[in-house]
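Overview (structure and organization)
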Amino acid sequence: MSDAAIEEVSVLSSIYCRDGEFQIVQQSGTLLVVLALGGTLNVSAVFHLHPSYPSCPPHISISTTSLSKIQCHNIRQKLMTRAAELPLEPMLLQLVEYLQQECVEQTEDQTGEQDGTGKDNQQEWTAVLLLDHIRSRNRYIRLLERWSQQLQLTCRLLLGPNPLIILLGERPNIKEFCHRLRTVKVDVDSSGKKCKERMMKVLAETPCSSLCQHRYGFVVKDYKSLSELTAVFEELNLAELYQQMLPTLSG
C-alpha cells in the first residue's frame, strides 16, 4: 500500500481507539481493517484492502444486529457503489462516515415504521462531535460560527481537555457541517501548516426529544474538568446522552 494509505489506517486506529473498536488482520496478502461501531449503531464493517489499494477500491462486508439482512445488504451495496465513485486515493475515512450516516438513516426509517412517525416529524437532530485539537483558536472559532449561521444550526463549542461541539438543527445541515470539518483546512498542525479536522469523531447523533430542543445560537464555553462538562450537558437536558459518551471522554 502507499504511504498515504498506511497513514490513513493509522488515523483510523487513532480515532477508533476504544477496546474492540479497531483491528488489523493480515490474510492471504490482503489487509483486513475491522471496525466495530457500538452504541445505537452496533455495526461491524470489514474493509478488504488489496496490496494495490488505493489503486483499487476495497471490498466491504458489514454485519449488524440492529437492522434486517435486507437493510444490511442495501447499505453494503451503497458503500460499494460509493467506493467505486470516489477518486483512487485513500477513502476509508469517507466510507466509514458514509457507513455511519446510512446506518443511522436506516435505523431512523425502521423506528418511524414501528411508531408511525416519519422523517418529517424528526427534522431536529442533536449531534456531539469530538475534535482532535484547536491550535489556531480564533480562526477555528470564526469558521465554526460562520458555518453554523450559514447552515442554520445552533452550536455550542466546549473548549477543554476534550474539545467538543454540540449541534442542533436539521440533519442534512449537520451532515454538511461535519463534511466541511473534514474537507476544509480549519486549523494548523504542530508545524504551523494549515490542516483539516480529519480526526473529528461523531460521538452521538440522535433525533431531538422535546427536552433537548434548546436554541442557544453560537456559544463558546471553556471547561476544565469532567464535572464542569457534565453540568453543561445537564443544563441542556442531555445528561443521558452524555453518560453514553462518558467512556470515550474519560478513557
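Residues numbered from 1 in each chain as written. Predicted model: local features only at pLDDT ≥ 70, side-chain atom pairs only at ≥ 80, totals over all residues. Heavy atoms only, no water.

Further remarks concern the sheet that holds strand S2 (residues 30-37). Pairing is antiparallel across the open sheet formed by four strands, whose spatial order is S1-S2-S3-S4. Here the strands that pair on one side only, and so sit at the sheet edges, are strand S1 (22-27) and strand S4 (59-64). Pairs of neighbouring strands in the sheet enclose a mean axial angle of 15°, with direction left out of account. Looking at chain direction, S1 and S2 are connected through six bridges and run antiparallel. (Pairing = 2+ DSSP bridges. Helix = DSSP H or I, 4+ residues; strand = E, 2+ residues; numbered from the N terminus. Axes fitted to C-alpha atoms, helices over the stretch in contact; angles between N-to-C directions.)

Take the pairing of strand S8 (residues 185-188) next. Two strands pair when backbone bridges link them, and S8 and strand S9 (residues 194-196) are joined in this way by three bridges, in the antiparallel orientation. Directly across from Asp187, in S9, lies its bridge partner Cys195. Joining the antiparallel neighbours S8 and S9 is a turn of five residues, in which Gly192 adopts a positive phi near 90°.

Model confidence for the chain is summarised by a mean pLDDT of 81, while 87% of its residues fall at 70 or above. Throughout residues 111-118 the model reports pLDDT below 50, and contacts reaching past four residues in sequence, or to other chains, amount to two contacts. (pLDDT = per-residue confidence, 0-100. Contact = heavy atoms within 4.5 Å.)

What follows covers the packing of helix H4 (residues 137-150) against helix H5 (residues 171-183). Remark: H4 packs on H5, axes separated minimally by 10 Å, with the N-to-C direction vectors making an angle of 150°. Considered as vectors, H4 and H5 are oriented roughly antiparallel to each other. For the pair H4 and H5, the crossing hand works out as right-handed. For the pair H4 and H5, contact is made by Tyr140, Leu144, Trp147, Ser148 and Gln150 and by Phe177, Arg180 and Leu181, respectively. (Parallel < 35°, antiparallel > 145°, perpendicular 65-115°, else oblique. Left-handed = near helix turned anticlockwise from the far one by under 90°.)

Attention shifts here to the sheet that holds strand S10 (residues 201-207). The sheet built from five strands is open, its strands ordered S10-S5-S7-S6-S11 with mixed pairing. Only two strands of the sheet have a single partner each, and these edge strands are S10 and strand S11 (218-222). Strand-to-strand twist across the sheet, computed as the mean angle between neighbouring axes with direction ignored, equals 15°. Direction of pairing for strand S5 (residues 124-130) relative to S10: antiparallel, over a ladder of six bridges. Paired with Ala127 across the bridge in S10 is Glu205. Contacting strand S6 (154-159), strand S7 (164-170) and S11, H4 crosses the sheet at an angle of about 145° to S11. Across the face of the sheet, helix H6 (residues 226-235) comes into contact with S5, S6, S7 and S11 while running at roughly 165° to S6.

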